[in-house]
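# Analysis of the macromolecular model
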Amino acid sequence: MPFILKLARKISEKCTNCGICENYVKCSVGNLFNEASCIGCGACSLACPSNAVSMIEDQSERKKITITINNKEVKVPERITVKAALELEGFKFTRFPTAEKFFSPCEVGGCWSCSVLVNGNLSPACTTQILDGMIIETKLPADYQPKRVVSDFMAHYVGGVGTPHRLKRAERPIEVVGFTHGCTLRCPQCQNHVITFTGGEALAPIQVAEELTKLRREHKVDRMTLSGGECTLNRPWLIQVIKETMRLNTDENAHFHVDTNGSILTKDYVDELVQAGMTDIGIDLKGIRIETFMKITNVFEKKLANIYLKNAWSATKYILDNYSEKIFLGVGVPHNKAFITLEEIREIGSKLARWDSKVQVTALDYRAEFKRTDLIQPSPQEMLKVGNIFKECGLKTVMVQSRAGHFLL
Ligand code: SF4
Ligand code: SF4
């Protein structure tokens, strides 16, 4: 397929002036929607809740500039990203990590999984602008310091699906958390979309570990959490964050909680997380049928969606079979009748109950958010019905999240 150069164009009639692109998107040329400088990274388009930014084909003549990739001089069109320049030179990118290709899941400069060295500095290939004379090295030194964007460190009063129900109480914090930017998925009702679909300041593992440790002491909690976005992207970074955090917190009460969609959680990744010091994990199972998963996540490539969904389920089973004595696992199942039926909820409940009836399952009410302003939030009664289906399936620890609060059934 020929490589197509693109530009962002704002569709004024659709724009609601929400300010998200101006205030949160990290446009690397610092000049949103200026077609003369746009490098076509697409970050503004992914972040816009109103689909008011189109990526259009650019057929205008572009000057060629000279860059060096892995010691080889090449000519590429000006005003493109490092990722586009690498693709033009035959490098392959993918949204699922493999040994042969560059992993570039978020495409907003959030996860930094696609990091390369640009003039000696670690930079995300997906949103960094190519400039004349640039020197790019795709092989990172063995001792490189991974980075990714994390923000909104805070104390959390409710916790996540991976927080044991006995700890949930609203009067004081349960855990401290940092939110990682970037995701494998493109959920149109993402409740953290301003974090998930934006870039920002990238932090080294030790910076995150120190921030979580400081907050832990301040709020007198035992649990330190990474949520998102999807925190499992950029595996070397996450493993180092957990190791550094546990090195700074050697007491036996210290917990590290990973909140994930499970999309890239292979068995060896689970093993590595546990070895690094992860003690608690929450996995969202966004359906059991591929059509539901694709509707919830807006991952339209069926093969990729299948891999993501299969991984989330297999990781759940693998943890239940191998680590149920060692770490805490909680599972979240989203509900909204716009994308999942009660029959499918029953299918999910039955499968989980067959695997381990004691696993904690939380039914999550998905409300109108981000691009799905048409969604109607399920009523507390509807959510109780979902929770009761899980109980009928034989699950013993069922939580329900609803606008009336969190309930243990
Ligand atoms: S994010 Fe989209 S809707 Fe919001 S101001 Fe930017 S273009 Fe307009
Ligand atoms: S964020 Fe990327 S696609 Fe959007 S205007 Fe800036 S350079 Fe262009």
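Residues numbered from 1 in each chain as written. Chains lettered and ligands numbered in written order. Predicted model: local features only at pLDDT ≥ 70, side-chain atom pairs only at ≥ 80, totals over all residues. Heavy atoms only, no water.

### Thoughts on the packing of aromatic side chains
Going through the model one piece at a time under the given rule, you end up with 6 aromatic pairs. Between phenylalanine 91 and phenylalanine 102 the ring centres are 6.0 Å apart and the planes differ by 55°, which places this aromatic pair in the tilted class. One end of the pair, phenylalanine 91, is in the loop between helix H3 (82–88) and strand S5 (93–94); the other, phenylalanine 102, is in strand S6 (residues 102–103), with 11 residues separating them in the sequence. Using a relative accessible area of 24% as the deciding quantity, one classes phenylalanine 91 as partly exposed. Given a relative accessible area of 16%, phenylalanine 102 falls into the buried group. When the ring of phenylalanine 93 is compared with that of phenylalanine 102, the centres are 5.0 Å apart and the planes differ by 25°; the resulting orientation is stacked. You can call phenylalanine 93 buried: its relative accessible area is 15%. Pairwise contacts between aromatic rings join Phe91, Phe93 and Phe102 into one cluster. Just above the ring of tryptophan 237 sits the side chain of arginine 148; from NZ or CZ to the centre is 5.5 Å. Sitting over the face of the ring of tryptophan 313, lysine 351 holds its NZ or CZ atom 5.3 Å from the ring centroid. (Phe/Tyr/Trp six-rings, centres within 6.5 Å; stacked < 30°, edge-to-face > 60°. Helix = DSSP H or I, 4+ residues; strand = E, 2+ residues; numbered from the N terminus. Buried < 20%, exposed > 50% of the residue type's maximum accessible area, 1.4 Å probe, protein only. Lys NZ or Arg CZ within 6 Å of the ring centre and 35° of its normal.)

### Here's the deal with the nonpolar core
By size, the foremost hydrophobic cluster in this structure holds 96 residues, and its most contacted members are Leu226, Ile242, Ile281, Ile283 and Phe390. Ranked by residue count, the leading element in this core is helix H9 (residues 302–323), at 11 residues. Setting aside anything within four residues of it in sequence, one finds leucine 226 in contact with Val150, Gly178, Thr180, Val208, Cys231, Trp237, Leu238, Val241, Phe256, His257, Val258 and Asp259. Core analysis: the second largest hydrophobic core is formed by 21 residues, Val74, Ile80, Val116 and Ala125 among them. (Core = buried A, V, L, I, M, F, W, Y, C linked by side-chain atoms within 4.5 Å. Contact = heavy atoms within 4.5 Å.)

### Let's talk about the site of ligand 1
Taken together, the residues surrounding ligand 1 are Lys10, Cys15, Thr16, Asn17, Cys18, Gly19, Cys21, Cys48, Pro49, Ser50 and Val53. Looking at the shell around ligand 1 residue by residue, the class counts come to 6 nonpolar, 4 polar and 1 charged. (Near = heavy atom within 4 Å. Nonpolar A, V, L, I, M, F, W, Y, C, P; charged D, E, K, R; others polar.)

### Points about the confidence of the model for the protein
Confidence in the prediction of the protein, expressed as mean pLDDT, is 95, and 99% of residues score 70 or more. Overall fold confidence (pTM) sits at 0.96, and the ipTM for the predicted complex is 0.96. (pLDDT = per-residue confidence, 0-100.)

### Concerning the site of ligand 2
Around ligand 2, the structure places Ala8, Cys27, Val29, Leu32, Phe33, Cys38, Ile39, Gly40, Cys41, Gly42, Cys44 and Met55. Each residue belonging to the shell around ligand 2 can be placed in one class, and the counts come to 10 nonpolar, 2 polar and no charged.

### What to know about the pairing of strand S4 (residues 72–77)
Pairing between strand S3 (residues 64–69) and S4: 6 bridges, direction antiparallel. In the strand pairing of S4, threonine 66 is matched with lysine 75. Linking S3 back to S4 in an antiparallel pair, the connection comprises 2 residues, with asparagine 70 at a positive phi of about 45°. (Pairing = 2+ DSSP bridges.)

### Some details on the pattern of salt bridges
With the rule as written, the count across this model stands at 20 salt bridges. Of the charged contacts, one joins aspartate 58 and arginine 62 as a salt bridge, the two residues approaching to 2.6 Å between their closest N and O atoms. For the pair aspartate 58 and arginine 62, one class covers both residues: buried. Taking the shortest distance from any N to any O, the salt bridge between arginine 372 and aspartate 374 comes out at 2.8 Å. Each of Lys83, Glu107 and Arg186 takes part in a single network of salt bridges with overlapping partners. (Salt bridge = Lys/Arg side-chain N within 4 Å of Asp/Glu carboxyl O.)

### As for the pairing of strand S16 (residues 328–335)
Within S16, 7 of the 8 residues are buried, which leaves it mostly tucked inside the rest of the structure. With 6 bridges connecting them, S16 and strand S17 (residues 360–365) associate as parallel partners. Among the inter-strand pairings, valine 331 is bridged to a residue of S17, identified as valine 361. The handedness of the S16 to S17 crossover, carried by helix H10 (residues 342–355), is right-handed. (Right-handed = clockwise from strand over helix to strand, strands pointing away.)

### Structural notes on the packing of helix H6 (residues 235–248) against helix H7 (residues 267–276)
Describing two packed helices takes the angle between their axes plus the distance from one axis to the other. Interaxial distance between H6 and H7 falls to 8 Å at its minimum, and their mutual angle equals 20°. Here H7 runs roughly parallel to H6, going by the angle between their axes. You can see that H6 and H7 cross each other, and the crossing is right-handed. Only Asp268, Tyr269, Glu272, Leu273 and Ala276 of H7 make contact with H6, whose side of the interface consists of Arg235, Leu238, Ile239, Ile242, Lys243 and Met246. Grouping the amino acids of the contact of H6 with H7 by side-chain chemistry returns 7 nonpolar, no polar and 4 charged. (Axes fitted to C-alpha atoms, helices over the stretch in contact; angles between N-to-C directions. Parallel < 35°, antiparallel > 145°, perpendicular 65-115°, else oblique. Left-handed = near helix turned anticlockwise from the far one by under 90°.)

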